[in-house]
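So you can see what is in the structure, the chains are spelled out below.
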Amino acid sequence: MTEPLSPPKKKDPQRRSPVATLPPRTRSRAGLGLAVAAAENAFRLQTCADCGAVQYPPRDACCRCLSTDLPWRETDRTGTVIAETRIHASPDPYFRARLPWRAGSVRLAAGPTAICHLHGDVGRGDAVRLRLMLDKAGRGVMVALPQTPTPAMEDDPMMRELTAHPRHRRVLVTDARAPEAPALVQALLDAGAAHVWVGEAEAWRRWPGRAGFEGRENVTLVPLDVTDSDSLATLAGEIGGKTDILVNTARHVRPGGVMAADTVQARDAMEVNALGLMRLGQAFGPGMAGRTADGVNRAACFATVLSAHALSPDPGYGAFAASQAAARSVAQTLRAEFARGGLRMTCIYTGPTEDDWHDGLPPPKVAPKALARGIVKGLIDGLEEVFVGDVAQDLAERWRRDPGILERELGDMP
Amino acid sequence: MIPRAYDGVAVVAPVTVPYVRYSQETAHWWIARALKAALDAAGLGPRDIDGLSVSSFSLAPDTPVGLTQHLGLTLNWLDTVPMGGMSGVAALRRAARAVQAGDAEIVACVAGDANHIDSFRRLLGNFSRFSQDAVYPYGYGGPNACFALLMDAYMADYGVERADFGRIAVAQRENALRNPHALMKSPLTLEQYLNARAISDPIALFDCVMPCAGAEAFLVMREDRAGGLPAARVLATMERHNAFPEDPIQLRGGWADQAAAFWDRAGVGPSDMDLLQTYDDYPVISMMQIEDLDFCEKGAAGAFVRARDLTVTGDFPHNTSGGQLSVGQAGAAGGYLGLVEALRQVTGQAGPTQVAGARRAAVSGFGMVNYDRGVCSGAAVLEGVA
């Protein structure tokens, strides 16, 4: 049984925040494939194209037939724990600070034996459900979980290290005017967030949804404009040291291709979508990345909503797609920079959303509530790449298969 | 076909450079000390040898090639044996064949390692690719955690209890108290073993070896070159790598399907042995060797050690110098420790740990936890030349 987490005590400002250390980060090139799968909650292992043998640990040649053709394929997620240990001594500073640590040998239904992190509710002899998850170093690791959910299982100390669950955490949502913002705030509170700050640009400008955020317990509207470095510096000075999760919802969408585009609007899209993310990273990144070992409500995740067309443009939204591609690139650099401190950078890709700027596009579209759910699920599952809705998932699948074909297919769309 | 015996080959001059917990000296220094001691024991100089076999984890950036120049050796035959706990047996069987075939006349086999503060942690970090990809990220318990998993499965499968493993550790400590060079100097009781600090369940403090610096060596030469030196013959050897890859967890080593042929080649059996030296990085591994080399049935080693006295004066002398558990683990020299002690025993040179009348010994080696199990297994039977 997992002991449910208690709300953390108020921090003593006189005490030094625990120094963030990372679990071992060195991996072979093949070993990095586990992180690629873990980032999006896939359970892909190398599977020999010639003889079908599933390989683990990752290899450069098949251990059964020596084939070097080892594509990563979705694999049976079940297994059995055949041995377990509780580690009480480790020379590694990250694990030393977290002892005792449980690990086990799991016989995968697919064949190989994997050394895994063991959830507290499983032990030798148990049938388990396996996941590939990202550890604090951003590397993919094998995790053995109870076959069916157990009470408070997400509060297990190992799970808390591997996920960005909102429970007891303080979250900044950057743009209250985003269509998904009300549902997102609600979903975060439902997941146990201790407090949600919601950013509001140009507060003098009246807008209809404002009342929905006013006077709510554990919700505060704060002045925040991603195009204004000063506003970000001021806000980061106030709450940057206690922001555990940041979700960037600020987005500037305008339809139209490139030839006939208004470059002023295109510049606005870049300002909000790409440079805005960069400014947020500059203002909040250092503080968050320095607080990733700070107890139950350590800083855990910096997330941003992106269009799935960051991967390949929809010519009907040329300038917007360009800003999304730029934003994705900024996010990838932030991911590399945050990784040194153990902070996760999560990209939530969505298809066209149910709003004015996507009027006229055919369904399916992503409802604000669905997008909000997708964001919170990504945090709870500890993901780096989340594709919300059928359009985004379909686009990602086609992009993985062949980006060249995807580009041509999108170019032919009416 | 049964391979030809190692006729005409003599193994002489077993030497140990006393171990030190931490030392500022380098692997080159330790290896030179061991080589000099072995040559001194045989009345030889550096120019008299034409073959060298080296095992070390801490020579970098050098290899044994660099050692030839560093130590001023001119050779016809040079070997590197990077097999950790199997290094001694592997070096012996390669050197013996080289001498027998005439590729070399006198081969010095040496293993030695430095141990600076923090060098064990650094060695761990670069041990193997599978360890980096699939072991260290899971708690970084080092070999302790890997062997804890094997021990957990072994205990569950065979109903062996911690006290059974404790008997091995306690007997070895008793042996070590006779050995002035053992790092462990105080007696160990079964109670202390059972109540020791947990390291990685079910492994506790006295299941683990202490990393240290040290070196071991011996010489392999034609019998006619050995003159009047106390010498041992090699009756048989075996090696096996990555045995039983389909076993989901390691409960047996490469000895298991080789033992019958191995004893056949030796022309003697387990009951003819006066003593046994197993590779004891953990007591559970010693138990596997006792079973897989046919000293008892599979799964019966717990009962076997309960029914026997494993000390120097007992009915089943085992790891007579105290083994790595009580002497210390000097890197790759740990793979020589049992073999060098066995050579001393069968040639009557073991001094305070001498088993009375010892003439034949079995030695086994086990090395390199590349991922979830030890990959290299080997064994040898030695007989003193009367």
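Residues numbered from 1 in each chain as written. Chains lettered and ligands numbered in written order. Predicted model: local features only at pLDDT ≥ 70, side-chain atom pairs only at ≥ 80, totals over all residues. Heavy atoms only, no water.

**Observations concerning the layout of surface pockets**
Residue and element names in this part refer to chain A. The calculated volume of the second largest pocket comes to roughly 860 Å³. Looking at the second largest pocket, it is lined by 28 residues, and the ones nearest its centre are Asp 175, Arg 177, Ala 178, Arg 205 and Arg 251. Looking at the lining of the second largest pocket residue by residue, the classes come out as 14 nonpolar, five polar and nine charged. (1 Å grid on protein atoms, 1.4 Å probe; cavity = no way out; pocket = protein on both sides within 12 Å on 5 of 7 lines; lining within 4 Å. Points joined across faces, edges and corners; volume = space filled by probe spheres on them. Nonpolar A, V, L, I, M, F, W, Y, C, P; charged D, E, K, R; others polar.)

**Focus: the pairing of strand β4 (residues 106-113) of chain B**
All names here are of chain B. In terms of burial, β4 is a largely internal element, eight of the eight residues being buried. Neither face of β4 is exposed, since Ile 106, Ala 108, Val 110 and Gly 112 on one face and Val 107, Cys 109, Ala 111 and Asp 113 on the opposite face are all buried. Here strand β2 (residues 51-55) pairs with β4 via five bridges, running parallel. Within β4, the residue paired with Leu 52 across the bridge is Ala 108. Here β4 runs beside strand β7 (residues 213-222); their pairing, made up of eight bridges, is antiparallel. Directly across from Val 110, in β7, lies its bridge partner Ala 217. (Buried < 20%, exposed > 50% of the residue type's maximum accessible area, 1.4 Å probe, protein only. Helix = DSSP H or I, 4+ residues; strand = E, 2+ residues; numbered from the N terminus. Pairing = 2+ DSSP bridges.)

**Details of the domain arrangement of chain A**
Residue and element names in this part refer to chain A. Segmentation of chain A into domains returns domain 1 (30-162) and domain 2 (170-411). In this structure, domain 1 and domain 2 have C-alpha centres spaced 30 Å apart. Counting residues at the interface gives 13 residues for domain 1 and 14 residues for domain 2. When the two sides are added together, the surface that domain 1 and domain 2 hide from each other amounts to roughly 1200 Å², 39% of it contributed by carbon and sulfur. Considering only the side of domain 1, the residues that lose the most area to domain 2 are Ala 39, Glu 40 and Lys 136, jointly responsible for 40% of the buried surface there. Between the two partners, domain 1 and domain 2, sit three salt bridges. A salt bridge links Arg 400 to Glu 40, with the nearest nitrogen and oxygen atoms 2.7 Å apart. Taken together, the links from domain 1 to domain 2 amount to eleven residue pairs in polar contact (both at pLDDT 80 or more). Looking at the side of domain 1 that touches domain 2, the elements that each hand over two or more residues are α1 (33-39), β7 (127-134) and α3 (157-162). Here the residues of the side of domain 1 that touches domain 2 sort into five nonpolar, one polar and seven charged. (Domains from an automatic or database assignment. Contact = heavy atoms within 4.5 Å. Buried area = accessible area lost by both parts, 1.4 Å probe. Salt bridge = Lys/Arg side-chain N within 4 Å of Asp/Glu carboxyl O. Polar contact = N/O pair within 3.5 Å; in protein donor to acceptor, adjacent residues only side chain to side chain.)

**A closer look at the packing of helix α6 (residues 263-289) of chain A against helix α7 (residues 318-339) of chain A**
Residues and elements named next belong to chain A. Where α6 contacts α7, the axes come no closer than 7 Å and their chain directions differ by 15 degrees. Taken together, the axes of α6 and α7 are roughly parallel relative to one another. Of the two elements, α6 crosses α7, and the hand of that crossing is right-handed. Contact residues: Ala 266, Ala 269, Met 270, Asn 273, Ala 274, Leu 277, Met 278, Gly 281 and Gly 285 in α6; Ala 319, Phe 320, Ala 322, Ser 323, Gln 324, Ala 326, Ala 327, Val 330, Ala 331, Leu 334 and Phe 338 in α7. Split by residue class, the contact of α6 with α7 holds 15 nonpolar, five polar and no charged. (Axes fitted to C-alpha atoms, helices over the stretch in contact; angles between N-to-C directions. Parallel < 35°, antiparallel > 145°, perpendicular 65-115°, else oblique. Left-handed = near helix turned anticlockwise from the far one by under 90°.)

**Concerning the interface of chain B and chain A**
It is common to report an interface's size as the accessible area lost on association of the parts. Counting residues at the interface gives 30 residues for chain B and 39 residues for chain A. When chain B packs against chain A, close to 2900 Å² is buried across both sides, 59% of that on carbon and sulfur atoms. With its nearest N and O atoms 2.8 Å apart, the salt bridge here joins Asp 152 of chain B to Arg 124 of chain A. Taken together, the links from chain B to chain A amount to 18 residue pairs in polar contact (both at pLDDT 80 or more). Looking at the side of chain B that touches chain A, the elements that each hand over two or more residues are α4 (119-125), α5 (129-134), α6 (142-158) and β5 (198-200) of chain B. For the side of chain B that touches chain A, the element with the highest residue contribution is α6 of chain B, accounting for seven residues. Looking at the side of chain B that touches chain A, its residues break down into 19 nonpolar, four polar and seven charged.

**A closer look at the sheet that holds strand β12 (residues 245-248) of chain A**
Residue and element names in this part refer to chain A. The strand order across the open sheet built from seven strands is β11-β10-β9-β12-β13-β14-β15, with neighbouring strands paired in parallel fashion. In this open sheet, the two edge strands, each paired with only one partner strand, are β11 (219-223) and β15 (385-388). The average undirected angle you get between the axes of adjacent strands in this sheet is 20 degrees.

**What to know about the pattern of salt bridges**
Residue and element names in this part refer to chain A. Inspection of the entire model under this criterion finds 44 salt bridges over all chains. Its salt-bridge partner being Lys 11, residue Asp 294 comes within 3.3 Å of it at the nearest N-O pair. Taken as a pair, Asp 294 in the loop between α6 and β13 (301-307) and Lys 11 in the segment before α1 lie far apart in primary sequence, 283 residues in all. Its salt-bridge partner being Arg 298, residue Glu 161 comes within 4.0 Å of it at the nearest N-O pair. Highlighted residues: Glu 161 in helix α3 and Arg 298 in the loop between α6 and β13, separated in sequence by 137 residues. Look at the salt bridges and you will find they share partners, linking Lys 11, Arg 170, Asp 244, Arg 291 and Asp 294 into a network.

**Considering unusual backbone geometry**
Cis geometry is adopted by the peptide bond preceding Pro 364 of chain A, which originates at Pro 363 of chain A and carries an omega value of 0 degrees. Mapped onto the elements of the fold, Pro 364 of chain A is located in the loop between β14 (344-350) and α8 (368-381). Unusually for a residue other than glycine, Ala 13 of chain B sits at a positive phi of about 55 degrees. When its relative accessible area of 8% is taken as the criterion, Ala 13 of chain B is described as buried. Even without being a glycine, Tyr 140 of chain B presents a positive backbone phi close to 45 degrees. Accessibility expressed as a relative area gives 6% for Tyr 140 of chain B, which makes it buried.

**Regarding α8 of chain A**
All names here are of chain A. Between its terminal C-alpha atoms α8 stretches 20 Å, which fits the 20 Å expected from 14 residues at 1.5 Å a residue. Among all positions in α8, only Leu 371, Ala 372, Gly 374, Ile 375, Val 376, Gly 378, Leu 379 and Asp 381 are buried. Summarising the contacts, the buried residues of α8 are in contact with β7, α4 (181-190), β12, β13, β14 and β15. Of the residues one or two after α8, Gly 382 is the one with positive phi, at around 75 degrees. (Expected span 1.5 Å × (residues − 1).)

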